[in-house]
Amino acid sequence: MQKAKVYMRKFSQAASVLGLLSLCLAGSNWLPGKPARAAEPQAATPQRLQYPPLFFREDWVLAGGLTNINTPQEPEHTIVQADVANPNLEVRLYGDKVGPVTVKQTYNNDITYVMTLLCTSNCAITLRDKNNDVDLTGLATIRWRTKVSGFHLLHPILKLADGTWLVGDHAAGFSTDWVESQIQLADVRWRNLNIENVVEGRVDKWVENPNLSRVEEIGFSELMRGGGHGSSGSRIDWIEVYGKPVPRVRPGTTTSSR
């Protein structure tokens, strides 16, 4: 009888413990659940930079059959169309149209370049694709190999399709020997250019946000005369323009939209 009482007491204690555990477990369903873990923000996918293609490159040649105005070792003549190596390009001269010359150094690996040292007044040289304008927005770039002497600074100049002329504030400057450099046109500030006299335009202001989506001619000028042989001026071995070609609208035609 005594053993039965002991067993009953132990059973009651065990049942009480189990009952308490059951209540705890049941009550846990009423407790607020652990908040869901917030989704971690996904890193933004970086946009790939869109580098424009090479629109043109010009290396110069010295056309034959013209009068040499310098020495046999370093022949030169005023720039003519036949000096343009790229058959798709046309060369244009502004200001002093006689001073800009093409030079070939026969004693220096036949390097051929154009130079402004003989310009007796401001001069400019541009190149124009025969069939296309060029979109110079975004990461459009001009690259060139130059040798500039004296206080001269070689500035990029543009003719927009609407006839506007611009000259940029970035420039290639003095170098002891030939150097390669580049100008990203998005970084350039522009001023109006009086192309007839190759000087800054009358409006003494920067041209804010010019539309470079359709450019007809690309070139360069120092906005000053040259100093003559052995003196100050600029020499340009080659020039590259990176931008998207845009078919030129012919005079008398219009573009249609759908």
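Computed from a predicted structure; not experimentally measured. (Residues numbered from 1 in each chain as written. Predicted model: local features only at pLDDT ≥ 70, side-chain atom pairs only at ≥ 80, totals over all residues. Heavy atoms only, no water.)

K.L.:
Got a minute to help me understand the state of the cysteines in this structure?
P.N.:
By definition, a disulfide is the covalent link that joins the sulfur atoms of two cysteine residues. Taken as a whole, this structure holds one disulfide when the rule is applied. Put simply, C119 and C123 are joined by a disulfide, and their sulfur atoms are 2.2 Å apart. In this structure, the disulfide formed by C119 and C123 twists by about 95° around the S-S bond and is classed as right-handed. Just as C119 is buried, C123 falls in that class too. (Disulfide = S-S within 2.5 Å. Buried < 20%, exposed > 50% of the residue type's maximum accessible area, 1.4 Å probe, protein only.)

K.L.:
Quick question: what am I supposed to make of the packing of aromatic side chains here?
P.N.:
When we look at a pair of aromatic rings, we describe it by the centre distance and by the angle of the planes. Under the definition given, this model contains four aromatic pairs. Centre to centre, the rings of F55 and F56 are 5.7 Å apart; their planes meet at 50°, and the pair counts as tilted. Exposure remark for F55: the relative accessible area of 13% places this residue in the buried category. A relative accessible area of 3% means that F56 is categorised as buried. The interplanar angle of 70° and the centroid separation of 5.0 Å between the aromatic rings of Y94 and W165 together place this pair among those described as edge-to-face. You can see Y94 sitting in strand β3 (residues 89–95) and its partner W165 sitting in strand β10 (residues 165–168), a full 71 residues away along the chain. (Phe/Tyr/Trp six-rings, centres within 6.5 Å; stacked < 30°, edge-to-face > 60°. Helix = DSSP H or I, 4+ residues; strand = E, 2+ residues; numbered from the N terminus.)

K.L.:
So what exactly am I meant to see when it comes to the environment of M224 here?
P.N.:
Position of M224 relative to the elements: it lies in the loop between β14 (215–221) and β15 (233–242). Residue M224 is classed as partly exposed on the basis of its relative accessible area, which comes to 32%. When neighbours within four sequence positions are excluded, M224 is seen to be in contact with N122 and H152. (Contact = heavy atoms within 4.5 Å.)

K.L.:
I keep staring at the pairing of β14 and nothing clicks. Help me out?
P.N.:
It is a general feature of regular strands that their side chains alternate between the two faces of the sheet. Counted residue by residue, β14 has seven buried out of seven residues, so it is predominantly covered. Bridge count between strand β6 (residues 123–129) and β14: four bridges; the pairing is antiparallel. Looking at β14, one finds that I125 is bridged to F220. Where strand β9 (residues 155–160) meets β14, six bridges bridge the pair, whose relative direction is antiparallel. (Pairing = 2+ DSSP bridges.)

K.L.:
What exactly am I supposed to notice about unusual backbone geometry here?
P.N.:
Trans is the prevailing form of peptide bonds, just as negative phi is the prevailing case for residues other than glycine. With a phi close to 55°, V198 is a non-glycine residue in the positive phi region. With respect to the helices and strands, V198 occurs in the loop between β12 (190–194) and β13 (199–200). The phi dihedral of N209 falls on the positive side, at around 50°, and the residue is not glycine. Following the sequence through the fold, N209 ends up in the loop between β13 and β14. Under the relative-accessibility criterion, N209 is labelled exposed at 73%.

K.L.:
Just checking my understanding: could you explain the confidence of the model for the protein chain for this structure?
P.N.:
Atom-level detail of predicted coordinates should not be read off regions where pLDDT is low. Residues with a pLDDT of 70 or more make up 79% of the protein chain, whose mean pLDDT is 87. In this model residues 17–33 is a low-confidence stretch, pLDDT under 50, and it forms zero contacts with partners more than four residues away in sequence or in other chains. (pLDDT = per-residue confidence, 0-100.)

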